[in-house]
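# Coordinates in review
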Amino acid sequence: MENEIELMSDGDGLAVIGEASAVERFLDTLGLPSKDLGLARLSKVLNLGAVGSHAASAHAASQVVDSARWVRLTEDSARKVNQLGLTPTKTSGVSHAMIGTPGDIKSWIQLDRGPGQLPTNPRLFAGAPALMAQLAMQQAMDEITDYLAAIDAKLDEVLRAQKDSVLARMIGVGLQIEEAMTIREHVGRVNEVTWSKIQDAAGTIADTQAYALLQLDALAEKLERKSTIADLMKTAKDTEARVRDWLAVLARCFQLQEGIAILELDRVLETAPDDLDGHRLGLKAARQERLNAVSQSTERLVARMESAAATANSRVLFNPIQSPAVVQASTNVTMSIVEFHERLGVGASRYDLETRRWAAAAAEVRDSARTRGASALGAGKRLSTETRQRATSATEKVASRFVERARRRGGSDQDGGGAA
């Protein structure tokens, strides 16, 4: 039994549970990076005794469990895990398998125990997915931290610059949630005192998110109302300057909402463990609704920027300076939104691919606009040069005529003088 391990997937991550050496061999064989799932907390969820002295579930009472690792399911790791044939369970969104026989990847095979032999411990299928969800949320928080650092977002400055008091409160809410997360790390749970500090934070974050989405919508509407290229260029550049700030605010909202969700799951575990799986699914559905709202606003803005770029390109001959500037701003805004989508998992991959294709096309349009603008300027310069040359030539001809006429007149005078 000590060569067997238990796998559990919720679609976002994979839990690998079993004896430490078997878990390590399995992860090394497949080349899967992992994090500690939190065995002490897992034991608490499953109502187990001392770590390592009880089985993880009813089907393997003699199996030693002293390791539980979590693997984030990326495209590469998911492909490897799919080879192992996990079986759907009665718990929504959760698949499971028992595998054994360490060695190369082909020898990690699902154990054939016949129909109905997979474990049915309800605490296992409610508790472990909740812990996995928390690790996925923490991963998302870390990625947003990296994103904000990469774009050099001055969030506090952006929030302080707004007159809305809700946005100002976001700074304090962020500090409270970070403090609660720190206490959780030290205590291992979310007690009543810790929870009381952040239980009203969700409303402030939701209001801030709604305000940021309204700002993105307002930027899109301004672009739609502009008719002249000069106004369009000014608005496009203003949009480029402001959109990244509002994307940063939205990213911070998502980051804090993930933190609250982690704390909520701990609190439900503490006060209503039977509701744990339902609460996990509710949080997942609520997160998807937030992503959908953000996706709709950002898609509208991308569409407006695309329209602005098309308009600018159509008028490049008479606006060789302004038109390429509009296309450049549109491309920059689009790529900022694509990066934001990738970090937060907003929208479908098809949309991100189409946006990338459009951004590449927009870059070509921008370059074309510059070339055409340069050609227009070149044509103007050539026309100006030719005009000057024609004017010079005409001047020289006129001057020659005057010289010739003066010469002839002088000759005639001299001839007349000799006769006198």
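Thresholds applied
- Residues numbered from 1 in each chain as written.
- Predicted model: local features only at pLDDT ≥ 70, side-chain atom pairs only at ≥ 80, totals over all residues.
- Heavy atoms only, no water.
- pLDDT = per-residue confidence, 0-100.
- Helix = DSSP H or I, 4+ residues; strand = E, 2+ residues; numbered from the N terminus.
- Contact = heavy atoms within 4.5 Å.
- 1 Å grid on protein atoms, 1.4 Å probe; cavity = no way out; pocket = protein on both sides within 12 Å on 5 of 7 lines; lining within 4 Å.
- Points joined across faces, edges and corners; volume = space filled by probe spheres on them.
- Buried < 20%, exposed > 50% of the residue type's maximum accessible area, 1.4 Å probe, protein only.
- Pairing = 2+ DSSP bridges.

### Here we look at the confidence of the model for the chain
In this model, the chain carries an average pLDDT of 75, and 67% of its residues clear a pLDDT of 70 or more. Here helix α12 (residues 349-419) stands out as the least confident element of the chain, with mean pLDDT 47; helix α7 (residues 192-198) is the most confident, with 92. Here residues 416-420 scores under 50 on pLDDT; set against residues more than four positions off or in separate chains, the count is 0 contacts.

### Section: the layout of surface pockets
In this structure, the largest pocket encloses a volume near 1,100 Å³. In this structure, the largest pocket is lined by 37 residues; those nearest its centre are Asp12, Arg287, Leu291, Leu344 and Gly345. Secondary structure elements with two or more residues in the lining of the largest pocket: β4 (67-72), α4 (122-150), α8 (201-225), α9 (229-271), α10 (276-314), α11 (322-344) and α12. Sort the elements by how many residues they give to the lining of the largest pocket and α10 lands first, with 8 residues.

### Observations regarding the environment of arginine 169
Here arginine 169 lies in helix α6 (residues 165-187). Sequence separation of arginine 169 and leucine 159 is 10 residues, and the distance between their C-alpha atoms is 8.8 Å.

### What about the pairing of strand β2 (residues 13-18)?
A large share of β2 lies buried, amounting to 6 of its 6 residues. What you see with β2 is no split at all: Gly13, Ala15 and Ile17 on one side and Leu14, Val16 and Gly18 on the other are buried throughout. Judged from the 5 bridges that link them, strand β1 (residues 5-9) and β2 form a sheet pairing that is antiparallel. Of the residues in β2, the one forming a bridge with methionine 8 is alanine 15. With antiparallel pairing between neighbouring strands as the criterion, β1 and β2 make up a hairpin whose turn holds 3 residues, including glycine 11 at a positive phi of roughly 95 degrees. Pairing geometry for β2 and β4, over 6 bridges, is antiparallel. The residue bridging leucine 14 from the neighbouring strand is valine 71, located in β4.

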